[in-house]
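Fold and geometry: a report
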Amino acid sequence: DSLTKIPPPKNQGYNHGPPTVNWREKVDSQRGAVLANELKNNAFKIAKWTAQSILSGADLMKIGFVSRAVPKNAYDHQILATQFFRPRDFAAQITLNEGNMWGIMRMFIQLFKDQPEGKYVIMRDPNKAQLRIYSVPADTFESDDEEE
């Protein structure tokens, strides 16, 4: 069995906006409601982690519910709960269409197959349903202190 490790949702369990599910208190008794709330607020992140698990061929993925130990300290955290899912079953629950996922991969492969070898950046236009692809120098995003 393979297991993909994915970062836990970054919801810190502290409410800074309109009233929502206080999942620090409900994570044990109402885990489904907590997960549904996280899906509503972080659907893209959870879909991305699920897609990564499917693409890696993992049999299971583990989602962790993590909270800051103290609201003002961004470094100390508590693991409140964890839950395992089969990636394909979880994808069906969150309506992530595996066929669409592979179609998008196929589209990028075809697109880059016709480009010269190099380094590219893909950026989504925040105001339009449009992706832009930029060719960048090979040393872009590299630093002298990185180990290769």
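Residues numbered from 1 in each chain as written. Predicted model: local features only at pLDDT ≥ 70, side-chain atom pairs only at ≥ 80, totals over all residues. Heavy atoms only, no water.

**Quick look at the confidence of the model for the protein chain**
Across the protein chain, the average pLDDT comes to 81, with 81% of residues at or above 70. Highest mean pLDDT in the protein chain belongs to helix H3 (residues 87–93) (94); lowest belongs to strand E1 (residues 3–5) (50). (pLDDT = per-residue confidence, 0-100. Helix = DSSP H or I, 4+ residues; strand = E, 2+ residues; numbered from the N terminus.)

**Considerations on the packing of aromatic side chains**
Throughout the structure, instances matching the rule amount to three aromatic pairs. Centroid distance Phe108 to Phe112: 6.4 Å. Interplanar angle 20 degrees. Geometry classified as stacked. Note that Phe108 and Phe112 are positioned in helix H4 (residues 98–113) at a spacing of four residues, about one turn of the helix. Judged by its relative accessible area of 27%, Phe112 falls in the partly exposed class. An aromatic cluster is built from Phe108, Phe112 and Tyr120, whose rings are joined through pairwise contacts. (Phe/Tyr/Trp six-rings, centres within 6.5 Å; stacked < 30°, edge-to-face > 60°. Buried < 20%, exposed > 50% of the residue type's maximum accessible area, 1.4 Å probe, protein only.)

**Overview of the pairing of strand E4 (residues 119–124)**
Regular strands place side chains that alternate from one sheet face to the opposite one. Where E4 meets strand E5 (residues 131–136), six bridges bridge the pair, whose relative direction is antiparallel. Residue pairing in the sheet places Lys119 in a bridge with Val136 of E5. Once E4 ends, the chain turns through six residues before running back antiparallel as E5. (Pairing = 2+ DSSP bridges.)

**Regarding the pattern of salt bridges**
Between side chains of opposite charge, pairing is possible as soon as their charged atoms come close. Evaluated as defined, the whole model comprises three salt bridges. Note that Glu142 is salt-bridged to Lys119, the shortest N-O span being 3.3 Å. Remark: Lys119 occurs in strand E4 and Glu142 occurs in the segment after E5; sequence separation between them is 23 residues. Measuring nitrogen to oxygen at the nearest pair gives 3.5 Å for the salt bridge that ties Arg132 to Asp125. (Salt bridge = Lys/Arg side-chain N within 4 Å of Asp/Glu carboxyl O.)

**Here we look at helix H2 (residues 31–56)**
Between its first and last C-alpha, H2 extends only 26 Å over 26 residues, short of the 38 Å set by a 1.5 Å rise per residue. If you look at H2, its biggest bend is around 105 degrees, right at Asn42. Within the sequence span of H2, burial applies to Val34, Leu35, Asn37, Glu38, Asn42, Ile46, Ala47, Trp49, Thr50, Ala51, Ser53 and Ile54. Just beyond H2, the residue with positive phi is Gly57, at close to 85 degrees. (Expected span 1.5 Å × (residues − 1). Bend = angle between axes of the 7 residues up to and from the residue.)

**As for the nonpolar core**
By size, the foremost hydrophobic cluster in this structure holds 13 residues, and its most contacted members are Ile63, Phe65, Phe85 and Phe90. Looking at this core, the elements with two or more residues in it are H2, strand E2 (60–68) and strand E3 (77–85). Here this core gets five residues from one element, more than from any other, and that element is H2. (Core = buried A, V, L, I, M, F, W, Y, C linked by side-chain atoms within 4.5 Å.)

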